[in-house]
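Here is how the chains run, residue by residue.
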Amino acid sequence: VLFMDIVARQDQDAPAIAGAEGTSLSEREVECLSWVALGKTDGEIATIINRSVPTVRFHLENAMRKLNVHNRTQAAALAAQAGILGPLA
């Protein structure tokens, strides 16, 4: 079972994202989280979006802070569940 299959099966009536009221993710943060959800490493994401690894980590850390989670997997799962990431493929 793929990670995103599990996320897709979650209840559609899940509570809103904790700590995210009035906080929106930037386009780059969403892009990085989308690649995380697809299983890419920081290095792979950096290559894909033509940025440095520290820049990718910066965007992921900002997203984690905004979503009030402790790691990138939680951030990707929460963003996917909330419909922020859109279709992944």
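Residues numbered from 1 in each chain as written. Predicted model: local features only at pLDDT ≥ 70, side-chain atom pairs only at ≥ 80, totals over all residues. Heavy atoms only, no water.

**Quick word on unusual backbone geometry**
At step 1: The backbone phi angle of Asn50 is positive, close to 60 degrees, even though this residue is not glycine.
At step 2: Here Asn50 shows up in the loop between α3 (42-49) and α4 (53-67).
At step 3: Residue classification places Asn50 among the exposed positions, given a relative accessible area of 63%.
At step 4: Even without being a glycine, Asn68 presents a positive backbone phi close to 60 degrees.
At step 5: Within the secondary structure, Asn68 sits in the loop between α4 and α5 (72-81). (Helix = DSSP H or I, 4+ residues; strand = E, 2+ residues; numbered from the N terminus. Buried < 20%, exposed > 50% of the residue type's maximum accessible area, 1.4 Å probe, protein only.)

**Some remarks on the confidence of the model for the protein chain**
At step 1: Of the residues in the protein chain, 73% have a pLDDT of 70 or more, and the chain-wide mean is 83.
At step 2: This stretch, residues 11-21, has a pLDDT under 50; its non-local contacts, to residues over four places away or in other chains, come to eleven contacts. (pLDDT = per-residue confidence, 0-100. Contact = heavy atoms within 4.5 Å.)

**Structural notes on the environment of Arg65**
At step 1: Following the sequence through the fold, Arg65 ends up in helix α4.
At step 2: The class for Arg65 is exposed, based on a relative accessible area of 54%.
At step 3: For the pair Arg65 and Ala75, spaced ten residues apart in sequence, the C-alpha to C-alpha distance is 9.0 Å.

**With respect to the packing of helix α2 (residues 27-37) against α3**
At step 1: Viewed as axis vectors pointing N to C, α2 and α3 meet at an angle of 130 degrees, and their least axial separation amounts to 10 Å. It follows that α2 is oblique to α3 by the angle criterion. Seen from above, α2 lies across α3 with right-handed handedness. Between α2 and α3, the residues in contact are Arg28, Glu31, Cys32, Trp35 and Val36 and Ile45, Ile48 and Ile49, respectively.
At step 2: Of the residues assigned to the contact of α2 with α3, the class counts are six nonpolar, no polar and two charged. (Axes fitted to C-alpha atoms, helices over the stretch in contact; angles between N-to-C directions. Parallel < 35°, antiparallel > 145°, perpendicular 65-115°, else oblique. Left-handed = near helix turned anticlockwise from the far one by under 90°. Nonpolar A, V, L, I, M, F, W, Y, C, P; charged D, E, K, R; others polar.)

**What about the nonpolar core?**
At step 1: Counting 20 residues, the largest nonpolar core has Leu33, Val56, Leu67 and Leu85 as its most contacted members.
At step 2: Those elements that provide at least two residues to this core are α2, α3, α4 and α5.
At step 3: Setting aside chain neighbours within four positions, we find Leu85 in contact with Val30, Leu33, Ser34, Ala37, Ala76, Ala79 and Ala80. (Core = buried A, V, L, I, M, F, W, Y, C linked by side-chain atoms within 4.5 Å.)

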